[in-house]
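Chain by chain, the residues:
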Amino acid sequence: AFGLALLLALSTVAAPASAQDAVQDPKQPSVDNPHMHIWGDSGLNNCWTHFDMNDSSGSASEGYGEETFGQGQQVEVDFSCSMQENLKQDLYLDANGTITFEFAVAIYSGDDCDDSSQECIPLTFTLMKGSTEISKQEFPSVNKNGDDELLQWNLNTNETMARWNKSIEEPEIHVQYSWPGHNGNWPGECILFDCTGEFRFYYSNNENNETVEVNFPVIN
């Protein structure tokens, strides 16, 4: 009788802890929470991701990060957006599914680039799995007139992307762009108009309510 009473007492103590462990962390991916959101500071010095759309703490209040460049200077950025916290459990994806990336940018630079004498890296997004490059997508025709542009990248998954080991294989997004700045198409243009180069990258809390996220085909 004493043993039974002890067993019941222990199970009662253990129940709350077990229930607590079962609560899904909103910053972590799950079947019901597959959208990774992107946040960062105003200067593109720090960019991070997690899966809680309601937690933008620390992210730029204006909803984007931006770098500016003097007239004619190379418009160049190279930064990564890493998970704010490590995966707490291995992440499993449908090997026959699709990862959908949705981004918003605004770029002001020159139009043309002579790759024989200038550095020419079109807007490029790279998906990393820890330290391993999984896939890369270039957007060579992105507009360079300073207007906002919405971009989508649909990446078909495969066996390589089926399992992401916690703590060492977190998804990371690498962003690159390098293009000559605008120097004016006619004499005096940059006196009348501002030719300052610009690269703006929108976050998930942008004021335009544009979708900025990565949707993973998460499975149990």
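Here, every reference points to the structure presented above.
The notes below deal with the structure included here. These numbers come from a predicted model, not from an experiment.

Calculation rules
- Residues numbered from 1 in each chain as written.
- Predicted model: local features only at pLDDT ≥ 70, side-chain atom pairs only at ≥ 80, totals over all residues.
- Heavy atoms only, no water.
- Disulfide = S-S within 2.5 Å.
- Helix = DSSP H or I, 4+ residues; strand = E, 2+ residues; numbered from the N terminus.
- Buried < 20%, exposed > 50% of the residue type's maximum accessible area, 1.4 Å probe, protein only.
- Contact = heavy atoms within 4.5 Å.

Glancing now at the state of the cysteines. Each disulfide is one covalent bond, formed between the sulfur atoms of two cysteines. Counted by the stated rule, this structure contains 3 disulfides. Across the disulfide, Cys47 is cross-linked to Cys81 (sulfur-sulfur distance 2.0 Å). When the S-S torsion is 90 degrees, as for the bridge of Cys47 with Cys81, the disulfide is right-handed. Placement of the pair is Cys47 in strand β2 (residues 47–50) and Cys81 in strand β4 (residues 75–83), with a sequence separation of 34 residues. Neither residue differs from the other here; Cys47 and Cys81 are each classed as buried. Paired by a disulfide, Cys113 and Cys120 hold their sulfur atoms 1.8 Å apart. Disulfide Cys113-Cys120: the torsion about the S-S bond is -85 degrees, which places it as left-handed. Residue Cys113 is classed as partly exposed on the basis of its relative accessible area of 22%. Overall, the relative accessible area of 24% leaves Cys120 in the partly exposed class.

What follows deals with the environment of Ser59. Within the fold, Ser59 resides in the loop between β2 and β3 (64–69). Since its relative accessible area comes to 12%, Ser59 is described here as buried. If we skip the residues at most four places from it in the chain, Ser59 touches Trp39, Gly40, Trp48, Tyr203 and Asn205.

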